[in-house]
Amino acid sequence: MSAARDDDRGSVGNVIGGAAHLYGPTIQARDVHGGVHFQVPLPPRPPKPRQLLPVPAHFTDRVEEQAALDELFRMRADGGDPQPLIVINGPAGIGKTTFASRWLRTHSSAFPDGQLYADLRGHVANGPAGPGEILGQFLRAFGAPAVPGDLAEQASLWRSVTADLRIAVMLDNAFTAAQIRPLLPGGPGGLVVVTSRHRLTGLGMDGAEFHRLRSLGVTAGVELFIRGVGENRVAGELSAVREVVSLCAGLPLAVCLASARLAARPGQPVTALAEALTPDEGRLTLLEVEGEGTVQNALDASYAVLSPQSAQLYRALGLLPMPTFDARTAAAACAQSPAWAERQLDELVEANVLEDIGPDTYRFHDLVRVHAHDCASTTETASACERIQRRVADWYLNTATEAQRRITPIQFTLPRTYAHPPQLTLPFTDDIAALGWLDARRLHLMAVVRMAAERGWHATAWQLVDAMWPLFLRLRHYDLWIEAHRIGLDAARNDGHREAERQMLNSGAIGLSAAHRTAEAVEWYAASLRAAREAGDRRDEGQALLGLGGCYIQEGRLADAVPDLDRAVETWAECGYPRGVALARILLGEVALAEQDLGRAVTCFTLARDGLLAVSDPHDAARALAFLGRTHARGGDHTQGVSQMREALETFTSSGAAHWQARTLEMLGDSAQEWGDDAAAGDFRAQALALYEVTSPSDARRLR
């Protein structure tokens with residue numbers, strides 16, 4: 001028997017939610033786990049932005065090329081170009097990311113509203129990234145707790161949010177022009193820099209300027225190599241250093257790998273390194289992209305000098321689906337302690353095969369990831385590779401489940417099954433940190449869900465989706481919510497777990513309804529209702545009836561909603577679920593309020609609030625209180641009504657429930673206008689609108 005999951009929605013026509021403020025002085029975040037870096041100052045007192053683009057360990061002097069880009073930027077700005085779009089292309093390993101990020105840092109003062117970075121993963125096994133995934137990251141960077149599920153709506157909201165901002169956006173590792181277009185900001189004072197192995201000539205239609213990055217010259221390559229090993233190490237062997245640089249084809253990545261390999265072998269002369277890097281025809285055919293054969297040779301040489309433990313971790317990380325790693329993930333992959341993992345991660349960073357991009361956050365260059373995966377495939381058995389992936393999946397499942405139990409303890413949790421029960425300590429100790437962990441690793445969690453479904457680990461897939469419930473309920477990532485539950489529903493059915501199937505139907509339907517996909521939500525609730533009745537599960541039956549009633553309210557079909565809601569009350573009363581009864585009464589109260597039956601509305605909201613307080617559900621009790629206050633204000637008791645709405649608003653503000661802040665502020669505005677206080681009404685509505693602008697464009701349009 002699963003616990004009913006309430007559809008934590010607004011009143012009729014207001015289905016959105018989240019947990020962020022826009023009218024504070026600034027919002028700062030860093031989502032290195034999802035491949036997006038950002039720093040966003042917001043009105044009214046924006047501080048000087050802090051650069052959060054990745055800072056490379058090594059960079060090369062490309063003075064002439066930077067000057068050419070400076071001139072290009074100046075000409076576009078002087079010519080009144082509304083938003084320069086610059087595409088930097090070149091072969092793999094040429095240093096596009098380093099060059100672009102360094103150049104952008106020199107122009108940071110031109111973009112006082114922030115700089116954003118996103119890895120579009122154009123050449124990784126599980127890429128490229130969809131525009132909707134990146135738009136979701138960007139919108140949340142600007143404080144949008146809920147992102148529309150539709151790509152066109154996401155792009156529209158993004159253009160609206162950035163319409164008056166001067167920002168720089170770096171889109172790294174792009175694959176196609178179609179990836180880029182939805183990500184272009186709406187403001188006239190911005191800049192977009194794209195890096196790609198492809199020329200992306202299609203962006204010429206969007207006014208793009210193109211810059212082809214050249215290979216390093218011998219002098220610059222030698223300088224970069226010496227920075228890695230020191231001048232004393234190469235004294236008397238400059239000709240051999242030039243040969244190494246030549247064998248690396250002027251690719252900075254290959255040069256850095258070669259210097260790191262030499263640094264790891266203090267007794268080896270540079271000539272021996274040159275011999276080791278001599279091209280091998282068999283190796284050159286392994287990768288087809290320009291320049292990658294050279295990197296393959298350098299990577300083979302770097303891998304050969306790793307310690308056995310670091311080589312083990314290198315291979316294990318190459319098998320994982322997430323874009324970045326932390327010490328606990330590394331420890332789980334190898335069934336070791338975090339301290340062991342940290343030592344090996346340090347060695348991999350020193351060898352230049354892993355990038356340290358933030359606190360306890362690491363990533364591969366995409367070519368290195370391919371190499372690590374190939375090493376694992378040729379060294380480990382198939383069962384060993386699966387064991388590594390299952391250990392990581394189980395660790396994410398266990399950690400997400402513990403976060404779920406902490407954040408939503410009132411919800412019933414379906415049993416979990418583990419192939420390799422994790423032994424690691426949890427990375428959080430309170431509710432806020434638990435929700436923060438879920439949010440920061442939402443893309444990791446989704447990657448593991450997809451991997452589990454692809455591998456046929458059906459129980460793991462649906463259990464992980466179930467464990468992500470607090471993330472969806474509190475932060476309203478609709479795109480991920482819907483995708484996860486489609487996968488989870490298929491997994492539950494393939495697993496033959498009927499209770500999990502109903503859980504996926506109910507939870508997924510709530511997300512569809514909240515994302516305004518009402519017709520689909522009705523289909524999912526109807527399927528859940530049939531399944532619940534077949535199983536004789538009265539509690540799930542009540543959940544499906546509640547959901548159907550909520551969908552009808554959303555569609556304005558109030559008369560159709562009441563019978564289902566009444567049946568939900570009866571069903572839950574019979575099976576002894578008082579919280580469900582209270583939740584249904586909130587919706588019945590909304591219907592009564594919409595029909596101006598104020599006496600019935602007061603009764604419904606009062607009973608609902610009392611019932612929710614009795615089961616220790618303060619959030620939903622505050623929902624009932626907000627509506628109760630609005631009902632009293634509508635009935636002429638303005639003082640009591642405003643007092644109750646303000647009390648509810650305090651609860652939502654302290655918990656970060658942005659949607660319910662907006663809903664309550666809107667109700668306060670309506671009540672003030674009815675009372676004749678137009679100034680207060682305007683102030684309340686302005687605050688509500690500020691929240692709606694970044695959470696629900698449709699509600700923002702309605703409120704305007």
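Predicted model only: the values in this text are computed from it and were never measured.

Participant: I keep staring at the overall build of the protein and nothing clicks. Help me out?
Facilitator: Counting secondary structure elements, the protein contains 33 helices and 10 strands. Sorting the 704 residues of the protein into buried and exposed places 59% on the buried side. The long-range share in the protein, meaning contacts at least 24 apart out of those at least 6 apart in sequence, stands at 69%. Accessible surface, the protein as shown: approximately 26100 Å² in total, 51% of it carbon and sulfur.

Participant: Help me out: how do you make sense of helix H15 (residues 338-350) in this one?
Facilitator: Given 3.6 residues to a turn, an α-helix orients residues that are three or four positions apart in the same direction. With 13 residues, H15 extends 18 Å between its outermost C-alpha atoms, agreeing within 8% with the 18 Å of an ideal straight helix rising 1.5 Å per residue. On its buried side, H15 packs onto helix H13 (308-318), helix H14 (327-334) and strand E10 (361-363). Taken from the residues just after H15, Asn 352 is the one with a positive phi, measuring 65°.

Participant: Explanation requested: the side chain of Thr 162 in the structure shown.
Facilitator: Take Thr 162: it is sitting in the loop between helix H4 (151-161) and strand E6 (168-174). Beyond its immediate sequence surroundings of up to four residues, Thr 162 is in contact with Ile 167, Pro 185, Gly 186 and Gly 187.

Participant: What am I meant to see in the packing of helix H24 (residues 518-535) against helix H25 (residues 538-554) here?
Facilitator: The relative placement of two packed helices comes down to the angle between their axes together with the axis-to-axis distance. In contact at an axis separation of 8 Å, H24 and H25 are set at 160° when each is read in the N-to-C sense. As judged from the angle between their axes, H24 and H25 are roughly antiparallel. In this structure, H24 meets H25 at a crossing whose hand is left-handed. Contacts from Thr 518, Ala 521, Val 522, Tyr 525, Ala 526, Ser 528, Leu 529, Ala 532 and Arg 533 of H24 reach H25 at Asp 540, Glu 541, Gln 543, Ala 544, Leu 545, Gly 547, Leu 548, Cys 551 and Gln 554.

Participant: Mind showing me how you'd approach the pairing of strand E5 (residues 115-119) here?
Facilitator: As a general feature of sheets, a regular strand has side chains that alternate between the two faces. Within E5, 5 of the 5 residues are buried, leaving the element largely enclosed by the surrounding structure. Judged from the 5 bridges that link them, E5 and E6 form a sheet pairing that is parallel. Directly across from Ala 118, in E6, lies its bridge partner Leu 171.

Participant: It is not clear to me how the packing of aromatic side chains should be interpreted in this structure. Could you clarify?
Facilitator: Think of a pair of aromatic rings as described by two things: how far the centres are apart, and how the planes are tilted against each other in angle. Taken as a whole, this structure holds 18 aromatic pairs when the rule is applied. Residues Tyr 314 and Phe 364 carry aromatic rings whose centres are separated by 5.7 Å and whose planes lie at 85° to one another, so their mutual orientation is edge-to-face. Of this pair, Tyr 314 sits in helix H13 while Phe 364 sits in the loop between E10 and helix H16 (366-379), and the two are 50 residues apart along the sequence. On the accessibility criterion, Tyr 314 (1% relative accessible area) is buried. Judged by its relative accessible area of 5%, Phe 364 falls in the buried class.

Participant: For this particular structure, what's the right way to read the nonpolar core?
Facilitator: In a soluble, globular protein the nonpolar side chains are often hidden away together inside. Membership of the largest hydrophobic core comes to 160 residues, with the highest contact counts inside it found for Phe 225, Val 244, Leu 277, Tyr 314 and Leu 317. Counting residues per element, this core draws most heavily on helix H17 (residues 382-407), which supplies 10 residues. In this structure, Tyr 314 is in contact with Leu 299, Tyr 303, Leu 306, Leu 348, Val 353, Phe 364, Val 368, His 371, Ala 372 and Cys 375, ignoring residues within four places of it in sequence. Counting 37 residues, the second-largest nonpolar core is a separate cluster that includes Phe 605, Ala 608, Leu 612 and Leu 703.

Participant: Explain the environment of Asp 683 here, please?
Facilitator: Looking at where Asp 683 falls in the secondary structure, it is placed in helix H32 (residues 678-695). Between the C-alpha atoms of Asp 683 and Leu 668, which are 15 residues apart in sequence, the distance is 9.7 Å. Polar contacts involving the side chain of Asp 683 include one to the side chain of Gln 687, which spans 3.1 Å.

Participant: Can you help me understand the pattern of salt bridges in this one?
Facilitator: Pairs can form between side chains of opposite charge whenever their charged atoms are close. This structure, assessed with the given rule, holds 36 salt bridges. For Asp 206, the salt bridge goes to Arg 181, with nearest N and O atoms at 2.8 Å. Residue Asp 206 is located in the loop between strand E7 (191-196) and strand E8 (209-212), and its partner Arg 181 is located in the loop between helix H5 (177-180) and E7; the two are separated by 25 residues in the primary sequence. Owing to a relative accessible area of 31%, Asp 206 belongs among the partly exposed residues under this scheme. Among the residues examined, Arg 181 registers a relative accessible area of 33% and is labelled partly exposed. Glu 454 is the salt-bridge partner of Arg 455, the closest N and O atoms lying 3.9 Å from each other. Take Arg 455: its relative accessible area is 40%, and that puts it in the partly exposed class. Residues joined by salt bridges that share partners form a network here, namely Arg 493, Arg 498, Glu 501 and Glu 534.

Participant: Any chance you could explain unusual backbone geometry here in plain terms?
Facilitator: Both trends apply: most residues other than glycine have a negative phi, and most peptide bonds are in trans. A positive phi angle is found at Arg 121, which is not glycine, with a value near 50°. Structurally, Arg 121 can be placed in the loop between E5 and helix H3 (131-141). Taking relative accessible area as the criterion, Arg 121 reaches 11% and is therefore assigned buried. Residues other than glycine seldom take positive phi values, yet Gln 596 does so here, at roughly 65°. Tracing the backbone shows Gln 596 in the loop between helix H27 (578-594) and helix H28 (598-614). Overall, the relative accessible area of 58% leaves Gln 596 in the exposed class.

The rules behind each value
- Residues numbered from 1 in each chain as written.
- Predicted model: local features only at pLDDT ≥ 70, side-chain atom pairs only at ≥ 80, totals over all residues.
- Heavy atoms only, no water.
- Helix = DSSP H or I, 4+ residues; strand = E, 2+ residues; numbered from the N terminus.
- Buried < 20%, exposed > 50% of the residue type's maximum accessible area, 1.4 Å probe, protein only.
- Contact = heavy atoms within 4.5 Å.
- Areas by Shrake-Rupley, 256 points an atom, 1.4 Å probe, with all protein chains shown as cover.
- Expected span 1.5 Å × (residues − 1).
- Axes fitted to C-alpha atoms, helices over the stretch in contact; angles between N-to-C directions.
- Parallel < 35°, antiparallel > 145°, perpendicular 65-115°, else oblique.
- Left-handed = near helix turned anticlockwise from the far one by under 90°.
- Pairing = 2+ DSSP bridges.
- Phe/Tyr/Trp six-rings, centres within 6.5 Å; stacked < 30°, edge-to-face > 60°.
- Core = buried A, V, L, I, M, F, W, Y, C linked by side-chain atoms within 4.5 Å.
- Polar contact = N/O pair within 3.5 Å; in protein donor to acceptor, adjacent residues only side chain to side chain.
- Salt bridge = Lys/Arg side-chain N within 4 Å of Asp/Glu carboxyl O.

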